[in-house]
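Close look at the chain arrangement
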Amino acid sequence: MPNCEEQGNFILDESKYVAYLGGRGSGKTAAGAVKILRYIGKHPGARIMVTAPINEQLVEGAIPEIEKWAPPGAILRLIKSPYYRYFLKGDAEIVFRSAQNPNSLRSGSFAVVWHDEAAQSDEMSFQISQATLRQPGYPPQMILTSTPRYKNWVYKYFIESEDPDYSCYSGISTTVNAKNLPPEFLSQLIQTYGGGESPFAQQELYGKFIAQVGIVYSLFDRSKHLRAPPKDFVPRLIVGGV
């Protein structure tokens, strides 16, 4: 199943906190689905919570990937109300919740929490869900899969942090999964995103953390907008508000 070495290593990684960060269509959600199913295979009776920023992303992302990669007959029952829940062989359970309201993630005891497209969710969803990693007798694991979204909280915890409990596979390019994508998928997006070197393409296709793009400084050009001051320039302090 792995489409690159990093994806295979991520699936096998048993660190308490582990993230797989890459471009759109790079196989992030598939990797997360395989990872939690592998955990269930090793730890019967495990309870797992899966989140996404909104319900639609669960329905279109994590849920079909779990159904795709689950062994035949592994999923015994699906309950859709009040939220999606899978019951699997070996008394395992997968609970799906939207991270739109982080406080809705407070209840329950789980062995694993998987945040799909985590960078789109609020940092509080990560913080609050940590306290649910308390199912007795199971090694706790927090899993993140996501396309980067500026240098936000995911960057802080998984790139900047030197905590040995945190493991991260980042900069995974969409190209590693090209064989599973439509022939013109990449070329069309590169054109739409303003070329492969554009900040948006670097984030969305190459899984790189960048400064915020397309908001205030999209037209900034260092060669045009940074000049040496004239010799008679006298600096002044100007304070303004917006």
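Residues numbered from 1 in each chain as written. Predicted model: local features only at pLDDT ≥ 70, side-chain atom pairs only at ≥ 80, totals over all residues. Heavy atoms only, no water.

**Concerning the overall build of the protein chain**
Helix and strand counts for the protein chain come out as eight helices and eight strands. For the protein chain, the spread of C-alpha atoms along the principal axes amounts to about 80 × 45 × 35 Å. Within the protein chain, the proportion of its 242 residues that are buried is 46%. Partitioning the contacts of the protein chain with sequence separation of at least 6, the portion at a separation of at least 24 is 67%. Just so you have it, the protein chain exposes about 13,500 Å², and 52% of that area is on carbon and sulfur atoms. Charge separation in the protein chain, taken as the distance between the mean sites of 25 positive and 23 negative side-chain charges, equals 3 Å. (Helix = DSSP H or I, 4+ residues; strand = E, 2+ residues; numbered from the N terminus. Buried < 20%, exposed > 50% of the residue type's maximum accessible area, 1.4 Å probe, protein only. Contact = heavy atoms within 4.5 Å. Areas by Shrake-Rupley, 256 points an atom, 1.4 Å probe, with all protein chains shown as cover. Lys, Arg positive; Asp, Glu negative; His and termini not counted. Charge placed at Lys NZ, Arg CZ, Asp CG, Glu CD.)

**Things to note about unusual backbone geometry**
Residue serine 81 is joined to proline 82 through a cis peptide bond whose omega torsion reads 5 degrees. Here proline 82 shows up in the loop between β3 (75-79) and β4 (85-88). The backbone phi angle of glutamate 117 is positive, close to 50 degrees, even though this residue is not glycine. Here glutamate 117 shows up in the loop between β6 (112-116) and α4 (123-130). Positive phi is not limited to glycine here, since tyrosine 150 has a value of about 60 degrees. Mapped onto the fold, tyrosine 150 is located in the loop between β7 (141-146) and α5 (153-160).

**Some details on the sheet that holds strand β2 (residues 47-52)**
A sheet is described by the order of its strands in space; here eight strands give the open sequence β3-β4-β5-β2-β6-β7-β1-β8, paired in mixed fashion. Bordering the open sheet on either side are β3 and β8 (166-172), each of which pairs with just one other strand. Between one strand axis and the next, the sheet turns through 15 degrees on average, direction left out of account. Bridge count between strand β1 (residues 17-22) and β7: five bridges; the pairing is parallel. Paired with tyrosine 17 across the bridge in β7 is methionine 142. (Pairing = 2+ DSSP bridges. Axes fitted to C-alpha atoms, helices over the stretch in contact; angles between N-to-C directions.)

**Some words on the packing of α4 against α5**
Remark: α4 packs on α5, axes separated minimally by 8 Å, with the N-to-C direction vectors making an angle of 55 degrees. Accordingly, the angle class assigned to the pair α4 and α5 is oblique. Residues Glu123, Phe126 and Gln127 of α4 form the contact with α5, whose own contacting residues are Trp153, Lys156, Tyr157 and Phe158. Of the residues that constitute the contact of α4 with α5, the class distribution is four nonpolar, one polar and two charged. (Parallel < 35°, antiparallel > 145°, perpendicular 65-115°, else oblique. Nonpolar A, V, L, I, M, F, W, Y, C, P; charged D, E, K, R; others polar.)

**Let's talk about the environment of isoleucine 143**
Mapping isoleucine 143 onto the fold places it in strand β7. Residues isoleucine 143 and proline 235 lie 92 residues apart in sequence; the distance between their C-alpha atoms is 50 Å.

**What about the packing of aromatic side chains?**
Under the counting rule described, the total for this entry stands at 13 aromatic pairs. Look at tyrosine 155 and phenylalanine 209: their rings are 5.1 Å apart centre to centre, the planes differ by 65 degrees, and that puts the pair in the edge-to-face class. Here tyrosine 155, found in helix α5, pairs with phenylalanine 209, found in the loop between α7 (199-204) and α8 (222-225); they are 54 residues apart in sequence, far enough to count as distant. Of the two residues, tyrosine 155 and phenylalanine 209, both sit in the buried class. (Phe/Tyr/Trp six-rings, centres within 6.5 Å; stacked < 30°, edge-to-face > 60°.)

**Some details on the layout of surface pockets**
The computed volume of the largest pocket comes to approximately 790 Å³. In this structure, the largest pocket is lined by 33 residues; those nearest its centre are Gly25, Ser26, Gly27, Lys28 and Thr29. Looking at the lining of the largest pocket, the elements with two or more residues in it are α2 (28-42), α3 (55-69), α6 (185-192) and α7. Of the residues assigned to the lining of the largest pocket, the class counts are ten nonpolar, 13 polar and ten charged. (1 Å grid on protein atoms, 1.4 Å probe; cavity = no way out; pocket = protein on both sides within 12 Å on 5 of 7 lines; lining within 4 Å. Points joined across faces, edges and corners; volume = space filled by probe spheres on them.)

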